[in-house]
Amino acid sequence: MVDYHAANNQSSAGGVQTYMEQENDWDRDLLLDPAWEKQQRKTFTAWCNSHLRKAGTQIENIEEDFRDGLKLMLLLEVISGERLPKPERGKMRVHKINNVNKALDFIASKGVKLVSIGAEEIVDGNAKMTLGMIWTIILRFAIQDISVEETSAKEGLLLWCQRKTAPYKNVNVQNFHISWKDGLAFNALIHRHRPDLINYDGLRKDDPVTNLNNAFEVAEKYLDIPKMLDAEDIVNTARPDEKAIMTYVSSFYHAFSGAQKAETAANRICKVLAVNQENEKMMEDYEKLASDLLEWIRRTIPWLENRTQEKTVNDMQAKQEDFRDYRCVHKPPKVQEKCQLEISFNTLQTKLRLSNRPAFMPSEGRMVSDINGAWHTLEGAEKGYEEWILSEIRRLERLEHLAEKFHQKAAIHESWTDGKEAMLTQKDYETSTLSEVKALLRKHEAFESDLAAHQDRVEQIAAIAQELNELDYYDSASVNARCQKICDQWDILGALTQSRKESLERTEKQLESIDELYLEYAKRAAPFNNWMEGAMEDLQDMFIVHNIDEIQGLITAHEQFKSTLAEANKEREAIQAIQAEVQKIAQSNGIKLSGANPYTTITPESIDSKWEKAMDMVPQRDTALQGELNKQNSNDTLRAKFATQANTVGAYIQAKMEEIGRISIEMNGTLEDQLTSLREYQQNIVSYTPEINTLEGYHQLIQEALIFDNQYTPYTMEHLRVGWEQLLTTIARTINEVENQILTRDAKGISQEQLYEYRASFNHFDKKRSGQMVSDDFRALLISTGNSLGDSEFARIMGIVDPNGSGAVTFQAFIDFMSRETTDTDTADQVIASFKILAADKNFITADELRRELPPDQAEYCIARMAPYTGPDAIPGALDYMSFSTALYGESDL
């Protein structure tokens with residue numbers, strides 16, 4: 001049933017008196033008609049019970065049950081929503097009269113003029129007066145406040161019935177008696193508001209009993225309107241009682257009027273809930289995308305921080321290829337995801353502000369700043385990983401070169417020392433002649449000279465082994481073992497050399513002659529032979545260079561070496577002349593030589609052989625150096641190509657970044673025009689991607705050629721990659737700002753001229769043309785718009801436009817603030833009032849009521865989130881819609 005409290009409390013005394021003076025002139029003689037009295041008695045009793053049941057009671061006999069005044073006072077309290085004076089509980093007649101007088105005084109206080117109705121008549125059970133009093137109450141509380149198009153009460157109710165039943169055939173409502181006899185008007189009212197309850201086309205005008213019973217039963221079952229009349233009473237009466245019909249029809253009016261309010265309230269709630277559900281979906285999407293991106297970064301950083309060393313250059317180049325694949329294939333989609341994450345976050349915050357909801361605070365660790373921090377860490381790890389790969393490639397190249405050089409020198413040394421230990425330990429001088437001993441002594445002196453000459457090579461071998469250890473060469477153990485063996489053998493050779501020298505010197509005293517020529521040969525042949533071996537080593541020495549200057553230095557040193565060959569050839573000829581002189585003396589003096597030169601093992605043939613080999617190596621060295629020179633020239637060309645493209649791309653990125661900065665400040669036209677222009681500008685920038693890919697191709701060729709420096713450009717590939725990503729992200733952010741401005745304009749009803757005015761004002765005070773301003777400039781901007789600000793009010797506004805306390809205010813934050821200050825939005829109080837209508841003015845609502853009034857998905861949404869109601873008037877299944885409504889808007893609305 002409908003509660004009349006609000007309408008009753010707003011009535012004016014003058015209007016009530018005027019109407020009641022007209023209606024209270026009711027024909028009491030008509031009540032003598034038994035048929036009409038029966039209809040009124042039944043209708044008024046049902047009407048009273050429809051309200052008394054709210055208090056848990058009812059009446060059976062209308063003139064008897066109101067005699068003590070108790071239920072009469074209770075009825076007035078229920079329909080008015082006000083408290084009457086405390087009733088007297090005594091059983092005496094005076095107590096009953098006093099109670100009825102309190103009820104009649106209350107009716108009179110509502111502006112109703114009671115004519116010829118006294119408390120004594122009610123207490124005495126006067127049916128005529130009792131029915132008259134109840135009719136007066138019905139007029140005041142059920143019919144008086146009905147208003148349709150400036151007509152009220154009876155005329156308003158009649159006009160409402162005529163409007164609602166106008167489209168229906170066989171229905172012509174002109175009064176509240178015979179127009180309702182066939183029952184079609186009752187059915188038309190129900191069908192107009194609830195077509196699902198009545199099959200109007202199946203009704204017949206010539207079957208009024210069936211029509212009336214159908215309408216009364218449907219109203220009682222589905223509309224909570226009690227059955228107030230019997231169909232037979234209406235049909236069998238020539239003229240049904242007007243007051244009974246008006247009372248019955250007024251119940252239909254209030255029932256359907258309440259349904260319309262409920263529908264309006266349900267629509268408001270649906271709108272609020274739809275916004276909330278959409279926002280929650282965007283929050284869930286943001287949380288998932290942020291979690292996925294952070295998880296990818298968490299998995300990727302350990303891979304980039306892995307510094308496990310490889311043994312060969314090929315292994316490290318494989319790692320370099322994996323890193324290049326990561327840069328070109330795996331990372332770009334994540335850059336897009338990061339950009340989309342920022343756009344989604346900004347759009348969500350804009351929607352929350354527009355719908356007067358609290359700002360979205362992501363889960364701990366998933367803020368945009370957290371994403372940016374993790375991304376910065378990732379890029380730092382990338383840079384460190386790339387530098388480490390390049391340094392490892394250089395280190396391994398150096399190691400391989402040193403290892404090969406070590407084994408080459410070690411092999412030469414081991415070849416030279418082969419047999420030297422056995423030679424130094426033999427006792428041949430004990431049985432030799434004086435000349436032979438002298439020869440052995442000279443030979444030993446020559447060996448010492450040779451030994452000293454090999455000291456440099458041993459030191460070089462040890463130095464190379466030490467460097468291999470310092471560079472963490474993977475096969476350092478075998479290198480150290482070989483080096484230790486060479487050093488130990490060298491120490492033994494030194495000790496044996498000293499021992500043999502002492503033995504020969506002791507024998508020398510017994511020796512007097514010595515062959516000077518052999519000795520001179522040996523002394524000159526040994527260093528020359530050592531020089532040739534050193535020259536051959538240098539001619540075979542591997543080299544690694546990184547630029548033209550280094551190869552030019554090697555070529556210059558080689559040319560200097562070739563310039564000394566003529567002088568060396570003269571020395572070779574002089575040494576060979578000594579041997580020739582020996583042969584000449586022997587032949588001229590008839591001396592028979594016993595064998596080879598006793599002082600040295602270096603023969604003229606070996607000198608000539610090594611000389612020829614050395615001369616063959618000179619052109620080979622020329623060819624190798626020239627090839628490396630050509631390679632470095634090619635590398636220099638590649639550097640120039642990369643530099644030309646890099647300088648072009650770098651200038652393009654710098655120019656576009658500056659253009660975007662100007663565009664974001666100087667944009668003209670409608671927001672849609674600006675958005676279209678920005679998207680075309682974005683497409684123009686994206687079309688430049690092939691130039692970036694061309695540069696990536698040059699960069700790959702440079703890395704494959706192991707080029708580590710470029711003097712032709714200040715740009716690096718990493719620098720340009722970051723600039724390109726920043727350019728794409730900046731234009732995307734600018735587009736998102738315009739989209740958010742469109743959202744704000746459409747949601748808040750801001751005109752294009754207002755937006756122009758906001759933009760012009762903002763640009764005027766944005767002195768740096770940066771798209772944001774400090775608090776002092778912002779305060780001046782607010783003052784220019786007509787705001788008179790104290791410190792506390794300005795602090796409040798700064799808390800809205802700069803919630804993070806960064807000290808800067810963006811244009812988006814400015815228009816959000818201006819739209820919030822100049823437009824209206826739904827509030828928690830409005831939503832609570834809407835729920836109160838659906839709950840029939842109760843402080844709680846039930847699940848059944850929510851399912852009846854709201855769409856299924858939004859009804860279940862409310863049921864799942866509403867806490868149980870715990871107030872003193874709670875019933876089983878009661879839900880607390882007040883705390884739910886305030887929670888939708890955050891604690892700031894409480």
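About the cut-offs
- Residues numbered from 1 in each chain as written.
- Predicted model: local features only at pLDDT ≥ 70, side-chain atom pairs only at ≥ 80, totals over all residues.
- Heavy atoms only, no water.
- Helix = DSSP H or I, 4+ residues; strand = E, 2+ residues; numbered from the N terminus.
- Buried < 20%, exposed > 50% of the residue type's maximum accessible area, 1.4 Å probe, protein only.
- Contact = heavy atoms within 4.5 Å.
- Phe/Tyr/Trp six-rings, centres within 6.5 Å; stacked < 30°, edge-to-face > 60°.
- Lys NZ or Arg CZ within 6 Å of the ring centre and 35° of its normal.
- Core = buried A, V, L, I, M, F, W, Y, C linked by side-chain atoms within 4.5 Å.
- pLDDT = per-residue confidence, 0-100.
- Expected span 1.5 Å × (residues − 1).
- Axes fitted to C-alpha atoms, helices over the stretch in contact; angles between N-to-C directions.
- Parallel < 35°, antiparallel > 145°, perpendicular 65-115°, else oblique.
- Nonpolar A, V, L, I, M, F, W, Y, C, P; charged D, E, K, R; others polar.
- Salt bridge = Lys/Arg side-chain N within 4 Å of Asp/Glu carboxyl O.

A few words on the overall build of the chain. A tally of regular secondary structure across the chain gives 33 helices and 4 strands. Of all 894 residues assigned to the chain, the portion counted as buried reaches 45%. Of the contacts formed within the chain by residues at least 6 apart in sequence, a portion of 75% connects residues at least 24 apart.

Now for the packing of aromatic side chains. Considering all chains together, one arrives at 30 aromatic pairs under this definition. Centroid distance tyrosine 248 to phenylalanine 252: 5.7 Å. Interplanar angle 40 degrees. Geometry classified as tilted. Taken together, the residues tyrosine 248 and phenylalanine 252, both in helix α13 (residues 242-305) and 4 residues apart, mark about one turn of the helix. In terms of burial, tyrosine 248 and phenylalanine 252 fall into one category: buried. An angle of 25 degrees between the planes, with centres 5.7 Å apart, marks the rings of phenylalanine 835 and tyrosine 881 as stacked. In this pair, phenylalanine 835 sits in helix α30 (residues 828-838) while tyrosine 881 sits in helix α33 (residues 881-888), placing the two residues 46 residues apart along the sequence. Of the residues examined, phenylalanine 835 reaches a relative accessible area of 0% and is grouped as buried. For the cation-ring pair, lysine 420 lies above tryptophan 416, with the distance from its terminal atom to the ring centre recorded as 4.9 Å.

What follows concerns the nonpolar core. In terms of nonpolar packing, the biggest core is built from 79 residues, with Ile137, Trp180, Phe186, Ile190 and Phe252 touching the most fellow members. A per-element tally of this core places helix α8 (residues 127-143) first, with 11 residues. Every residue in contact with phenylalanine 186, bar those within four places of it in the chain, is listed here: Trp180, Leu212, Ala215, Phe216, Ile245, Tyr248, Val249 and Phe252. In this structure, Tyr688, Leu727, Met773 and Val809 belong to the second largest nonpolar core, which totals 46 residues.

So, on to the confidence of the model for the chain. Taken residue by residue, the chain gives an average pLDDT of 81. The fraction at 70 or more is 89%. A low-confidence stretch, residues 1-32 (pLDDT under 50), is modelled with 76 contacts involving residues beyond four sequence positions or located in other chains. Below pLDDT 50 for its whole length, residues 510-514 participates in 15 contacts with residues either more than four positions away or in separate chains.

Although it is not a glycine, aspartate 224 sits at a positive phi angle of roughly 60 degrees. Here aspartate 224 shows up in the loop between α11 (208-222) and α12 (231-235). Among the residues examined, aspartate 224 registers a relative accessible area of 35% and is labelled partly exposed. Of note in this structure, aspartate 841 is not a glycine but carries a positive phi near 70 degrees.

Attention shifts here to helix α6 (residues 93-109). Relative to the 24 Å expected for 17 residues at 1.5 Å per residue, α6 spans 24 Å between its end C-alpha atoms, a close match to the ideal helical length. Turning to α6, its buried residues are Ile97, Asn99, Val100, Lys102, Ala103, Leu104, Phe106 and Ile107. Buried positions along α6 lie against α5 (70-80), α7 (119-123) and α8. Positive phi appears at glycine 111, one or two residues downstream of α6, with a value of about 85 degrees.

To continue, consider the environment of valine 123. Looking at the secondary structure, you find valine 123 in helix α7. Residue valine 123 is classed as buried on the basis of its relative accessible area of 3%. With 23 residues separating them in the primary sequence, valine 123 and valine 100 have C-alpha atoms 7.6 Å apart. Excluding anything up to four places from it in sequence, valine 123 contacts Arg67, Arg93, Lys96, Ile97 and Val100.

Between α5 and α8, the least distance of the axes is 11 Å, while the angle of their chain directions is 10 degrees. As summarised for this structure, α5 and α8 are arranged roughly parallel, according to the angle between their axes. Taken together, the residues of α8 that come into contact with α5 (itself represented by Leu72, Leu76, Ile79 and Ser80) are Met133, Ile137 and Phe141. Here the residues of the contact of α5 with α8 are counted per class, giving 6 nonpolar, 1 polar and no charged.

So, on to the pattern of salt bridges. Tallying each qualifying case throughout the model produces 53 salt bridges. The closest approach of N and O atoms between glutamate 725 and lysine 331, which form a salt bridge, is 3.9 Å. Of this pair, glutamate 725 sits in helix α25 (residues 717-748) while lysine 331 sits in helix α14 (residues 313-354), and the two are 394 residues apart along the sequence. For arginine 639, the salt bridge identified is with aspartate 636, shortest N-O distance 3.6 Å. Taken together, the residues arginine 639 and aspartate 636, both in helix α22 (residues 604-666) and 3 residues apart, mark about one turn of the helix. In this structure, arginine 639 and aspartate 636 share a single accessibility class: buried. Several salt bridges converge on common partners, so that one network encompasses Arg327, Lys331, Glu379, Glu382, Glu386, Glu696, Glu718, Arg721 and Glu725.

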